[in-house]
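# A look at the structure
Listed below are the residues making up each chain.
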Amino acid sequence: MSDTLSAPPPALELVDATRVFTRRGGLFKKAGKAVRAVDGVSLTIRAGETLGLVGESGSGKSTLGRLALRLVEPTSGRLLVDGRDVTGVSKAEMQAMRRDIQMVFQDPYGSLDPRVTIGQSIAEPLKVHGLWDGDGPQKVAGVMSLVGLDPSRADRYPHQFSGGQRQRIGIARALTLDPKILVLDEPVSALDVSIQAQIINLLQRIQRERGLSYLFIAHDLAVVRHVSHRIAVMYLGKVVEMAERDNLYRRPLHPYTVSLLAAVPIADVRMRNRRRTSVTMGEIGSATNVPPGCRFHPRCYRARLVAAAGGVPTERSGDALLPRACLIDQPELRACGGADQVACHFPETPETRSEVATAVLQDIGYPPIRPIPL
Amino acid sequence: MPHKAMPNLHSVAPAAPVAPATAPRPVALELRDLTTVFPGDDGPVTVIDGVSLAVRAGGTLAVVGESGSGKSMTFLSALGLVAAPGRVRRGEVRIDGADILHQPPERLRRLRGAVISMIFQDPLTALNPVFTIGEQIVEVLRAHQRIGRSAARARAIELLARVQIPDPARRVDDYPHQLSGGQRQRVLIAMAIALSPKILIADEPTTALDVTVQAQILDLLADLQAETGMALVLITHDLGLVARYADDVAVMYAGRLVETGSMEEVFTKPRHPYTRALFRSIPRLDGPVDEELPAIEGQPPNVARLPPGCAFEPRCTVGRGRADCCTRRPLPLAGDRSGHRSACFHEDLPDRTEAIR
């Protein structure tokens, strides 16, 4: 097995992972349509790397995070941890694997038992895994110090801590087993602005010190940029773009990525007199009713621009004129400029970049906006 | 007069610049020295402490602060909606120059909705699940106006169209659970503007929504303002939204105002150390990535146990440990003629962290 010449396997790998949810019929309800919450997603996270995962709610990003721990079982596809296929392993073996991969949730209060002291909560993973021994209390004190909690407060209850401290407790709990991978599901979204920065710094420091890999799920593109090495953008169950961090913000390829960037409010006075950047219409569709062809086409500004410019076969869809390809063919994720990948028939490459994308990039500071001369 | 461009999908044209105000628009809502207390274990706790604010007709005032800073409580107090045992201890709330706070409850109830209206963060809990959205809008109209059922229903459909609910004549009979989060928030906006209020208070109106939907909702509010001259108070913790939508900003900390001014002034020349630290601590799309964020250390204070001096002093990199900051009651807001004001003894001193950077 030990081929010393090859690169070490990724810390985490998902191959063509799919999860279909079906709602069972009931007394008053017909059985629901199948929902492909995650639809053939492949990704890897290297040791020490942070992969950011962004998308609107309903994009499947939280389900994908749970798939990585098999908290949700994949309908098909494979899951590899440290190069080892754990897709079909027994519950007991899976339990052992969870020592290596742990999860931190958005709402630290909801994930802590209010009747249990935080010391016990942090110790629980050790006990569940049969690793509680004489060193246990010391280990608990150790991770508490690591996340900036005073170990002498281990006998207190969750309600005695603020939101930011509770998130530290959630992180401490995930770290007790000394895992290699953390899945972080919106870990700072519920926190006050002044506390967000503390937790982001803490997560980055722990990553540096322990060489952890992160799957960082969030909707805040500025936070994701700050913490991620690479970023995957999800839309209705599929990854539509996967890129190195700076590339994603400097030259977003997918019109959906451009739309997300356009919608992010930036705390900068220069935003004031610039443009209305609502480039995407409407709301994310339902995963029960994924449109044919490219699933983003009902909201895509780019498809409309390309159709209007002519030169490609077009077709009417409702009151919009769209390229036929967008209506019929589902674009596959493919390489587009180096290692970056995009699933789009007409990506926003630097050579073909639309006016819309150019304007959005200017708005967010790529290229940096020079002060407007007075 | 409309100072914001109409929504224009795919448009890359810059929005019309803010028209220079020929004459300052009249103040629509003014709070003076508003102070609210709740009983605590050791006597009354002041949760809102002497807040004075004004928002002009057609203007947008953003009120920013952390949870517990009192930004929502300030406006619940202003609308007479503080739940017992809390109470407004002193202060005035003036609409068109007349104090509304000391009106009889029935008169206050009529003012709410008709003149001043409020929308909240969570659109699902604010809507009644057992009535259609049409029935709920009709109820608002009929509670305040002499209007027949069918006319009210027609008006409800009009309002749904106004907030850009597609196919309003059909959706009017939908129940709240049949709508998406963004659409529910649109329905709440429709209810809030049903009586054409002069002032709309929006408390974190988009916090529960996706960024793409958030931009659409706030653009809608801006358009409604441009059409009707409605004043908007936007309560938010998102400084990005403030930059995009606000004319004026008020920053709150621990129940007190620490800085107020025009958005441009506060964003380009923040004065209070808290405001300065807040701006530094947020990750930006164009900021450096390979260094630690300059976080504000410590936790927001519990208003029941505020220090005798400045509430921010324990976390402040300018004033921490300074005798006056620790012991002197914070100054009221003070500032120059531009209207940019802040409450700090030492705002002219450089920040220790700024000096290092």
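Residues numbered from 1 in each chain as written. Chains lettered and ligands numbered in written order. Predicted model: local features only at pLDDT ≥ 70, side-chain atom pairs only at ≥ 80, totals over all residues. Heavy atoms only, no water.

### As for the overall build of chain B
- Helix and strand counts for chain B stand at 13 helices and 12 strands.
- Computed over the C-alpha atoms, the radius of gyration of chain B is 21 Å, within 12% of the 21 Å expected from 2.2 N^0.38 for a compact globule of 357 residues.
- Projected onto its principal axes, the C-alpha coordinates of chain B cover approximately 70 × 50 × 40 Å.
- The average position of the 41 basic charges and that of the 41 acidic charges among the side chains of chain B differ by 6 Å. (Helix = DSSP H or I, 4+ residues; strand = E, 2+ residues; numbered from the N terminus. Rg over C-alpha atoms; globule rule 2.2 N^0.38 Å. Lys, Arg positive; Asp, Glu negative; His and termini not counted. Charge placed at Lys NZ, Arg CZ, Asp CG, Glu CD.)

### Notes on the sheet that holds strand β6 (residues 101–104) of chain A
Residues and elements named next belong to chain A.
- Judged by pairing direction, the sheet is mixed, and its 8 strands sit side by side in the order β6-β7-β8-β3-β9-β10-β14-β13 without closing on themselves. For this open sheet the edge positions go to β6 and β13 (334–335), each flanked by a neighbour on one side alone.
- Relative to strand β14 (residues 341–342), β13 runs antiparallel, the two being bridged by 2 bridges. Across the sheet, the residue bridging to Arg334 is Val342, located in β14.
- On the sheet, helix α5 (residues 163–175) packs against β6 and β7 (181–185) and is oriented at approximately 170° with respect to β6.
- Contacting β3 (50–54), β7 and β8 (213–217), helix α6 (residues 193–210) runs over the sheet at an angle of about 155° to β8. (Pairing = 2+ DSSP bridges. Contact = heavy atoms within 4.5 Å. Axes fitted to C-alpha atoms, helices over the stretch in contact; angles between N-to-C directions.)

### Description of the sheet that holds strand β3 (residues 60–64) of chain B
All names here are of chain B.
- Within the open sheet, the 8 strands sit side by side as β6-β7-β8-β3-β9-β10-β12-β11. Their pairing is mixed. In this open sheet, the two edge strands, each paired with only one partner strand, are β6 (116–119) and β11 (334–335).
- Of the pairings in the sheet, the one linking strand β9 (residues 248–253) to strand β10 (residues 256–262) comprises 6 bridges and is antiparallel in character. Bridged to Tyr253 within β10 is Arg256.
- Contacts from helix α8 (residues 211–228) reach β3, β7 (199–203) and β8 (231–236) within the one sheet, and its direction differs from that of β8 by about 160°.

### What to know about the pattern of salt bridges
Residues and elements named next belong to chain A.
- Per the counting criterion, the structure on display carries 40 salt bridges over all chains.
- Ionic pairing is found between Arg78 and Asp85, a salt bridge with its closest N-O pair at 3.3 Å.
- Overall, Arg78 belongs to the partly exposed group, its relative accessible area being 40%.
- A salt bridge links Asp246 to Arg250; the shortest N-O distance between them is 4.0 Å. Here Asp246 pairs with Arg250, and both are found in helix α8 (residues 245–250), just 4 residues apart, close to one helical turn.
- Under the relative-accessibility criterion, Asp246 is labelled partly exposed at 27%. (Salt bridge = Lys/Arg side-chain N within 4 Å of Asp/Glu carboxyl O. Buried < 20%, exposed > 50% of the residue type's maximum accessible area, 1.4 Å probe, protein only.)

### Some points on the interface of chain B and chain A
- Each side of the interface is counted separately: chain B has 60 residues, and chain A has 53 residues.
- Where chain B packs against chain A, one counts 2 salt bridges.
- Taking the shortest distance from any N to any O, the salt bridge between Arg208 of chain A and Glu292 of chain B comes out at 3.8 Å.
- The interface formed by chain B and chain A holds 15 residue pairs in polar contact (both at pLDDT 80 or more) in total.
- Put simply, the parts of the chain that give the side of chain B that touches chain A at least two residues each are α7 (181–192), α8, α9 (239–245), α10 (263–268) and α11 (273–281) of chain B.
- No other element matches the 8 residues that α8 of chain B contributes to the side of chain B that touches chain A. (Polar contact = N/O pair within 3.5 Å; in protein donor to acceptor, adjacent residues only side chain to side chain.)

### Describing the nonpolar core
- Ranked by internal contacts, the top residues of the largest apolar core, which has 118 residues, are Ile171, Leu175 and Ile206 of chain A together with Ile189 and Leu285 of chain B.
- For this core, the leading source of residues is α8 of chain B, giving 8 residues.
- Non-local contacts of Ile171 of chain A, meaning those with residues more than four positions away in its chain, are made with Val104, Val147, Ile199, Leu202, Leu203 and Ile206 of chain A.
- Judged by nonpolar contacts, the second largest core, of 63 residues, contains Val45, Leu111, Ile199 and Ala243 of chain B. (Core = buried A, V, L, I, M, F, W, Y, C linked by side-chain atoms within 4.5 Å.)

### Topic: the side chain of Arg230 of chain A
All names here are of chain A.
- With respect to the secondary-structure elements, Arg230 resides in strand β9 (residues 230–235).
- Among the residues examined, Arg230 registers a relative accessible area of 10% and is labelled buried.
- Side chain to side chain, Arg230 and Glu49 meet in a polar contact 2.8 Å long.
- Setting aside chain neighbours within four positions, we find Arg230 in contact with Thr44, Ile45, Arg46, Glu49, Thr50, Leu51, Gly52, Met242, Ala243, Glu244 and Arg245.

### Comments concerning the pairing of strand β1 (residues 27–40) of chain B
Residues and elements named next belong to chain B.
- Pairing of β1 with strand β2 (residues 43–56), which is carried by 10 bridges, proceeds in the antiparallel orientation. Bridge assignment links Pro39 to a residue of β2, and that residue is Pro44.
- A loop of 2 residues connects β1 with β2, the two strands running antiparallel in sequence.
- Examined bridge by bridge, β1 and strand β4 (residues 87–95) share 7 bridges and lie antiparallel to one another. Bridge assignment links Thr35 to a residue of β4, and that residue is Arg90.

### Side note on unusual backbone geometry
Residue and element names in this part refer to chain B.
- The linkage connecting Ala84 with the following residue, Pro85, adopts the cis geometry, with an omega of 10°.
- Structurally, the position occupied by Pro85 is in the loop between α1 (71–78) and β4.
- At Gln164, a residue that is not glycine, the phi angle is positive and equals roughly 60°.
- Within the fold, Gln164 resides in the loop between α5 (149–162) and α6 (168–171).
- A residue is classified by how much of its surface remains accessible, and Gln164, at 43% relative accessible area, is partly exposed.

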